[in-house]
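Architecture and fold: a report
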Amino acid sequence: MPVPGVASVMRLFADGSLDQSFVTGRGFHQVIPTASLDTVVAPKVVPAGSPAGALYAFGDFSEYNGRPVPNLVRLVSHGALDPGFSIGSGFEGSFGPAAPSIVIANEDGSIYVSGFFDTFNGQAVRNIVRLDSTGRLDPSFVPPTAVQAFAAAPDRSVFVNAPGTSRSTGATDATDT
């Protein structure tokens, strides 16, 4: 059942009641001018490691609260866009703008992002990137191959699923016999 006055994302307290201080206004929309289409969308959300109370929202949207935005934004604790985070033109794939599929936040404020994209702000990338706390591409993270899935460890290392690739040391684990 929809909650009057609440669009797309809301924050609930531990008892399930609505946090009235978290306000998203019109919320997230996918606007397609050529089709005169304006659709409310429900983005995926993940808590930000920093700043406290913030969250990342990502998905197939092009507007937040009436303002054009790329498909990954950070909201501050009361629901407004965080002006300290910007991904510029963002992610592009073979067919235009590409929404991230997975976002994992690190405690230092950096994030890992994966999806079906091959450029970030016009720069060629594989389909996984690490962004710093302001939304800029971290050039020190250069994966050797494209990935399908990943998990981040607390030390900022990443475990990836990269089908079609293998890596072997030649050693045999005792469980292999």
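Throughout what follows, the structure given in this document is the object of discussion. Just so you know, these numbers come straight off a predicted model, no measurement behind them.

Some thoughts on the packing of aromatic side chains
Under the counting rule described, the total for this entry stands at six aromatic pairs. Aromatic side chains phenylalanine 28 and tyrosine 64 sit 4.5 Å apart centroid to centroid with 45° between the ring planes, which places their arrangement in the tilted category. Pair noted here: phenylalanine 28 is in strand E1 (residues 28-32) and tyrosine 64 is in strand E5 (residues 63-64), with a separation of 36 residues, a long-range link. The two residues phenylalanine 28 and tyrosine 64 agree in class, both being buried. Relative to phenylalanine 85, the ring of tyrosine 56 lies with its centre 5.3 Å away and its plane at 70°, an arrangement referred to as edge-to-face. With tyrosine 56 in strand E4 (residues 55-58) and phenylalanine 85 in the loop between strand E7 (72-75) and strand E8 (91-93), this pair connects stretches of sequence that are 29 residues apart. Given the relative accessible area of 0%, tyrosine 56 is considered buried. An aromatic cluster is defined as three or more aromatic residues linked by ring pairs; in this entry it consists of Phe28, Phe61 and Tyr64.

Some thoughts on the sheet that holds strand E13 (residues 123-124)
Ordered in space as E9-E8-E12-E13, the four strands form an open sheet in which the pairing is antiparallel. Both outer strands of the open sheet, strand E9 (96-97) and E13, are each paired with one neighbouring strand and no more. Across two bridges, strand E12 (residues 119-120) lies against E13 in antiparallel orientation. Across the sheet, residue threonine 119 finds its bridge partner in E13, namely alanine 124.

Details of the pairing of strand E11 (residues 111-115)
The element E11 is extensively covered by neighbouring structure, given that five of its five residues are classed as buried. Burial along E11 is two-sided: the residues Ile111, Val113 and Gly115 and Tyr112 and Ser114 are all buried. Connecting strand E10 (residues 100-105) to the antiparallel partner E11 that follows it, the hairpin turn spans five residues, and glycine 109 within it adopts a positive phi of roughly 95°. Sheet analysis places E11 next to strand E14 (residues 128-131), joined by four bridges and oriented antiparallel. Residue pairing across strands places serine 114 opposite isoleucine 128, the latter belonging to E14.

Reading guide: rules and limits
- Residues numbered from 1 in each chain as written.
- Predicted model: local features only at pLDDT ≥ 70, side-chain atom pairs only at ≥ 80, totals over all residues.
- Heavy atoms only, no water.
- Phe/Tyr/Trp six-rings, centres within 6.5 Å; stacked < 30°, edge-to-face > 60°.
- Helix = DSSP H or I, 4+ residues; strand = E, 2+ residues; numbered from the N terminus.
- Buried < 20%, exposed > 50% of the residue type's maximum accessible area, 1.4 Å probe, protein only.
- Pairing = 2+ DSSP bridges.

Function cannot be inferred from these measures alone, as they are strictly geometric.
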